[in-house]
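Each chain, letter by letter, is given below.
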Amino acid sequence: VQLVEPGGGLVQPGGSLRLSCAASGFTFSSYGMYWYRQAPGKERELVAYITTTGGTTRYADSTKGRFTISRDNAKNTVYLQMNSLKPEDTAVYYCRVVVSGRDYWGQGTQVTVSS
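Residues numbered from 1 in each chain as written. Predicted model: local features only at pLDDT ≥ 70, side-chain atom pairs only at ≥ 80, totals over all residues. Heavy atoms only, no water.

*Asks:* Help me understand the sheet that holds strand β1 (residues 2-4) in this model?
*Replies:* To summarise the sheet geometry, strands pair through backbone hydrogen bonds and adopt either a parallel or an antiparallel arrangement. The sheet built from 4 strands is open, its strands ordered β1-β3-β8-β7 with antiparallel pairing. Of all strands in the sheet, those with a lone pairing partner are β1 and β7 (67-72), marking the two edges. Pairwise comparison of adjacent strand axes, ignoring direction, gives a mean angle of 20° for this sheet. The pairing of β7 with strand β8 (residues 77-82) spans 6 bridges and is classified as antiparallel. Following the sheet pairing, S70 is matched in β8 by Y79. (Pairing = 2+ DSSP bridges. Helix = DSSP H or I, 4+ residues; strand = E, 2+ residues; numbered from the N terminus. Axes fitted to C-alpha atoms, helices over the stretch in contact; angles between N-to-C directions.)

*Asks:* Quick question: what am I supposed to make of the pairing of β8 here?
*Replies:* Two faces, one strand: in a regular strand the side chains alternate between the faces of the sheet. Counting buried residues along β8, 5 of its 6 residues qualify, which places the element largely inside the surrounding structure. Here strand β3 (residues 17-24) runs beside β8; their pairing, made up of 6 bridges, is antiparallel. Each residue of the ladder has a partner; that of L19, found in β8, is L80. Hairpin connection between β7 and β8: a loop of 4 residues separates the two successive antiparallel strands, and N76 in this loop has a positive phi of roughly 50°. (Buried < 20%, exposed > 50% of the residue type's maximum accessible area, 1.4 Å probe, protein only.)

*Asks:* What exactly am I supposed to notice about the side chain of T109 here?
*Replies:* Structurally, the position occupied by T109 is in strand β11 (residues 109-113). Residue class for T109 comes out buried when judged on its relative accessible area of 7%. Dropping the residues within four chain positions of it, T109 is found in contact with E5, P6, G7, G8, L19, A91, V92 and Y93. (Contact = heavy atoms within 4.5 Å.)

*Asks:* What is the right way to look at the pattern of salt bridges in this model?
*Replies:* Note that side chains of opposite charge can pair when their charged atoms are close. A full pass over the atoms with the stated rule returns 5 salt bridges. Here R37 makes a salt bridge to D89, at a shortest N to O gap of 2.9 Å. Of this pair, R37 sits in strand β4 (residues 33-38) while D89 is found in the loop between β8 and β9 (91-99), placing the two residues 52 residues apart along the sequence. Both residues of the pair, R37 and D89, belong to the buried class. Ionic pairing is found between R96 and D103, a salt bridge with its closest N-O pair at 2.6 Å. Judged by its relative accessible area of 13%, R96 is buried. (Salt bridge = Lys/Arg side-chain N within 4 Å of Asp/Glu carboxyl O.)

*Asks:* Where do I start with the environment of G32 in this structure?
*Replies:* Relative to the helices and strands, G32 is located in the loop between β3 and β4. Here the alpha-carbon distance between G32 and V4, two residues 28 residues apart in the chain, equals 16 Å. Beyond its immediate sequence surroundings of up to four residues, G32 is in contact with Y49, I50, T51, T52, R71 and V97.

*Asks:* Which parts of the structure should I look at to understand the side chain of T63?
*Replies:* Examined against the element boundaries, T63 turns out to sit in the loop between β6 (57-59) and β7. With relative accessibility at 0%, the residue T63 sits in the buried group. Here T63 is in contact with R37 and V47, once residues within four sequence places are set aside.

Have a look at this one:
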């Protein structure tokens with residue numbers, strides 16, 4: 001299992017950014033996918049979750065209405081569209097999948113929201 005997250009970067013408050021996570025080594029369409037984030041000095045927290053077909057999504061209260069998780073099963077990729085970004089969204093963002101009871105994480109990508 002491999003999860004690769006290109007993207008991330010520096011964005012001004014109020015701006016937008018789209019993260020992607022390319023998956024391989026497992027049947028992507030059969031597994032729900034997660035996005036997490038970890039800010040400096042804080043615990044890693046769940047940001048969003050999406051079911052296998054994308055029919056159901058869940059969000060942290062802090063990101064509802066601003067972030068959108070989606071997936072393209074043909075491309076084995078999950079996305080996180082982030083709008084109206086705030087400085088408190090600054091963190092390393094990770095995608096995650098649980099396959100056969102084992103956790104797999106991407107390497108993480110830094111998102112910095114600052115003017």
